[in-house]
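Given next are the chains, with one letter for each unit.
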Amino acid sequence: MIGHIDKEINSFLLSLVDGSNKEKINTIIEKYSISITETLNNGHITTNVCMVAASILKLNSAELALKLVEKLKLLNLFEAVEAADPGFINVTLHRKDFVSIINSINDIKERYGESDIGNGKKIQIEFVSANPTGPLHVGHGRGAAYGDAIGRILKATGFIVQKEYYINDAGRQIDILTASVILKIISSEISEYFPQNAYKGEYINEIGKNFIKKTKASYQNLESVLDVQKLYLGSKDDDEKEIDAVISSLKDLNIDLWDSVKKFSVKEIVDSIENDLRKFNVSFDNWFRESSLGNINDNSSIIASSINKLKRDGHAYEKDNAIWLNTEISGDDKHRVLVRDDRRPTYFASDVAYHKDKIDRGFDTLINIWGADHHGYIKRIEASIEALGSKKEKMIVKLVQFANLYKNGKKVKMSTRSGDFFTLENLIDEIGSDASRFYYLSKQADQHLDFDLDLAQSDSKENIFYYIQYAHARIYSLIDKYNKNVDIKSLNLSSIEKNSYNQCDDLIHEISKYPDVVTKASNTLQPHLIIFYLRDLSQLLHSYYNDNHVLSESNENIEAIISCLSSVGVVISNGLNLLGITPIKKM
RNA sequence: GCGCCUGUAGCUCAGCUGGAUAGAGCAACUGCCUUCUAAGCAGUGGGUCAGGAGUUCGAAUCUCUUCAGGCGCGCCA
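Note that the structure is predicted; figures quoted are calculated from it, not measured. (Residues numbered from 1 in each chain as written. Chains lettered and ligands numbered in written order. Predicted model: local features only at pLDDT ≥ 70, side-chain atom pairs only at ≥ 80, totals over all residues. Heavy atoms only, no water.)

1. A closer look at the overall build of chain A
Across its full length, chain A carries 23 helices and 15 strands. Considering only residue pairs separated by 6 or more positions, chain A has 72% of its internal contacts joining residues 24 or more positions apart. (Helix = DSSP H or I, 4+ residues; strand = E, 2+ residues; numbered from the N terminus. Contact = heavy atoms within 4.5 Å.)

So this is what it looks like as structure tokens:
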């Protein structure tokens, strides 16, 4: 129906102007909206086109509205078409058309809400990408839930989506991890030495033990392969220098042991991260390793060729023995170092090469989901994208703010270095994957979130997660009670169609809004819109349920009601699925 | 100092590509379980949308400005 009106509006607009003003018409078409009304008081469909047109063409909006009303009436498609101040047009559908949404939903089920607005555009979403130096914590959980949800939403709206995890398996943090594991192995046998800046969590111990178990044949006696007396070269005055000294002496002492512990540790941690994410119902299509960008000294590597191209094109230059990138192109406030004066590349250099590689892989849009503390990093990456000859608009960075956990009314402390923290796995074990995802997504991603564990487990209406699930469960238990084997599509809708039963009208109106909600969530990358919509829909369902005793209605009414409630259930289920949450049928 | 985010009911938040009387939950008060799940429903009270100025037929929404809070500004990752 909206399609019909849209078409009519376009020809109406063209009739208002002569050929020279086509540009203004396009502006109007871009700006006006046509949508399902907020409440049934204003009919079923509304548009503000006359007000928008009036302001751009300097005409009177009320007069335009009257003209358009006449035109729409001539179509003979609607029950009523009315103008409302100061220029709204409200369309009331024939009852049969208004109700027909029930059958279409029951017909296409899980596809209701899907669209092709993405038009097959290829989008890549890179998220989580936590350093493989320890388990995922609750901060990572929010990015995981968010990235996965927008992946599902974009896919449902016609985009081709790839979800990618970038593994920082090269660089200093990994060296510290490797050193930590080796020192744990030694210290359990030989000495107690452990630098301040090494990783200390229990998981380091576990990795050490597993390494010994799996490789005891080749490294039976650690003392023979590693002369630990030489370890104490490091200066103990400076924590940073100390760990660096330990790293380089461990490498010098036995590079084979170093490499094999490094490989083993990264694998152990990546496996455990993948495992946690699986429990969280998050999967990735691709795991990209920083190490695959290659070595800066190898001219054929991605990282070297990226830097060489930047230098060739005059965007990167040498100064003070380092290589710098001019990032002013994007409004960054200073130039950034790509390669240090000791010829080691910075983290930024890897990221420049990584983004070049992503663009070379042919995506139309790259979505990066980063912790909000990285926002200062956006401009320099944009600059590198432009400098490499692409458009910075290709990349969209979505920032995810920190989440604070509260338990028994108190903030749960989190600190990574001490090794004592609340992991994502802890969270899932405590309240479940679905409730966790729900609360992570219940607020805009770029704003601080207070995550209340007690609320997420409580039995009250305040716990929106269960409020929505309860609505879904009520519908299915009612259908079961009516007839466990009912074929919904065979039910007769006539008593709602004939308006002899209209208590479901608010529900019907609400479910007809759902596709707009999904579209908006996709356009704005905001999954929380779906949560708030589902809460409103659930509220209408609970209210209806309380006021009406379905199974004591006439047979004809029951058939129509069950059919309608089933379509409501489909919508709740579809919405939850877009968030990666499994709808429940029994509480 | 510069950049980003935020300020809406006592509390936690929706609403922000401008649109119809500013919404919801909690808390307070009042009702509803012999009937399909009370993890529910109905009702009452509660607002200078931080302050000011501007653009507009129309501003919580856009612009400017002031105030308040958070975060970021490494040859760290």
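2. So, the sheet that holds strand β9 (residues 322–325)
In space, the three strands of this open sheet follow the order β8-β9-β10, with antiparallel pairing throughout. Strands with a single pairing partner mark the edges of an open sheet, and in this sheet they are β8 (316–319) and β10 (336–339). Geometrically, the sheet is characterised by an average inter-axis angle of 45 degrees between neighbouring strands, direction not taken into account. Relative to β10, β9 is paired through three bridges, and the arrangement is antiparallel. Paired with I323 across the two strands is V339, which belongs to β10. This element, helix α13 (residues 347–360), spans β9 and β10 of the sheet and lies at about 80 degrees to β10. (Pairing = 2+ DSSP bridges. Axes fitted to C-alpha atoms, helices over the stretch in contact; angles between N-to-C directions.)

3. What about the protein's contact with RNA strand B?
The environment of RNA strand B is made up of 58 residues, and the closest members are F88, K461, Y467, Y470 and N548. Within the side chain of H448, one N or O atom sits 3.2 Å away from a sugar or linking oxygen of RNA strand B. Contact between RNA strand B and V550: a base nitrogen at 3.0 Å from a main-chain N or O atom of the residue. Going through the elements one at a time, α3 (49–57), β4 (88–93), β9, α18 (464–482) and α22 (528–547) are the ones with two or more residues in the surface near RNA strand B. Per element, the largest residue contribution to the surface near RNA strand B is 10 residues, and it comes from α22. For the surface near RNA strand B, the class distribution of residues is 21 nonpolar, 21 polar and 16 charged. (Near = heavy atom within 4 Å. Polar contact = N/O pair within 3.5 Å; in protein donor to acceptor, adjacent residues only side chain to side chain. Nonpolar A, V, L, I, M, F, W, Y, C, P; charged D, E, K, R; others polar.)

4. Quick look at the pairing of β4
Taken together, the three bridges between strand β2 (residues 45–47) and β4 define a ladder with antiparallel strand orientation. Bridged to I45 within β4 is V91. Bridge count between strand β3 (residues 78–84) and β4: six bridges; the pairing is antiparallel. Within β4, the residue paired with A80 across the bridge is T92. The antiparallel hairpin formed by β3 and β4 contains three residues in its connecting segment, where G87 sits at a positive phi of about 160 degrees.

5. Description of a positive patch on the surface
The grouping of K209, K213, K214 and K216 at the surface amounts to a positive patch. The topology assignment puts K214 in helix α8 (residues 202–215). (Patch = residues over 30% accessible without salt bridge, like charges linked within 9 Å, V, L, I, M, F, W, Y side chains within 5 Å. Areas by Shrake-Rupley, 256 points an atom, 1.4 Å probe, with all protein chains shown as cover. Salt bridge = Lys/Arg side-chain N within 4 Å of Asp/Glu carboxyl O. Lys, Arg positive; Asp, Glu negative; His and termini not counted. Charge placed at Lys NZ, Arg CZ, Asp CG, Glu CD.)

6. What about a negative patch on the surface?
On the surface, D450, D452, D454 and E462 cluster together to form a negatively charged patch. By the element assignment, D454 lies in helix α17 (residues 453–457).

7. Considerations on the packing of aromatic side chains
Applying the stated criterion to the full structure yields 19 aromatic pairs. Centre to centre, the rings of Y112 and Y514 are 5.8 Å apart; their planes meet at 35 degrees, and the pair counts as tilted. Taken together, the positions of Y112 in the loop between α5 (95–108) and β5 (122–126) and Y514 in helix α21 (residues 514–524) put the pair 402 residues apart, joining distant regions of the chain. There is no split in this pair, since Y112 and Y514 are both buried. One aromatic cluster is present, formed by F280, F438, Y439, Y440, F451, F465 and Y466 through successive ring pairs. Here K122 stacks its cationic end above the ring of F363, 5.7 Å away from the centre of that ring. The lysine or arginine in question, R437, covers the ring of F280, its NZ or CZ lying 5.7 Å from the ring centre. (Phe/Tyr/Trp six-rings, centres within 6.5 Å; stacked < 30°, edge-to-face > 60°. Buried < 20%, exposed > 50% of the residue type's maximum accessible area, 1.4 Å probe, protein only. Lys NZ or Arg CZ within 6 Å of the ring centre and 35° of its normal.)

8. Regarding the pattern of salt bridges
One pass over the full model with this rule turns up 27 salt bridges. Of the charged contacts, one joins E425 and K279 as a salt bridge, the two residues approaching to 3.6 Å between their closest N and O atoms. Of this pair, E425 sits in helix α15 (residues 424–431) while K279 is found in helix α11 (residues 255–279), placing the two residues 146 residues apart along the sequence. On the accessibility criterion, E425 (33% relative accessible area) is partly exposed. We classify K279 as partly exposed; its relative accessible area is 37%. K311 is the salt-bridge partner of E318, the closest N and O atoms lying 3.1 Å from each other. Relative accessible area serves as the criterion here: at 30%, K311 is assigned to the partly exposed category. Through salt bridges that share partners, D148, R152, K163 and R437 make up one connected network.

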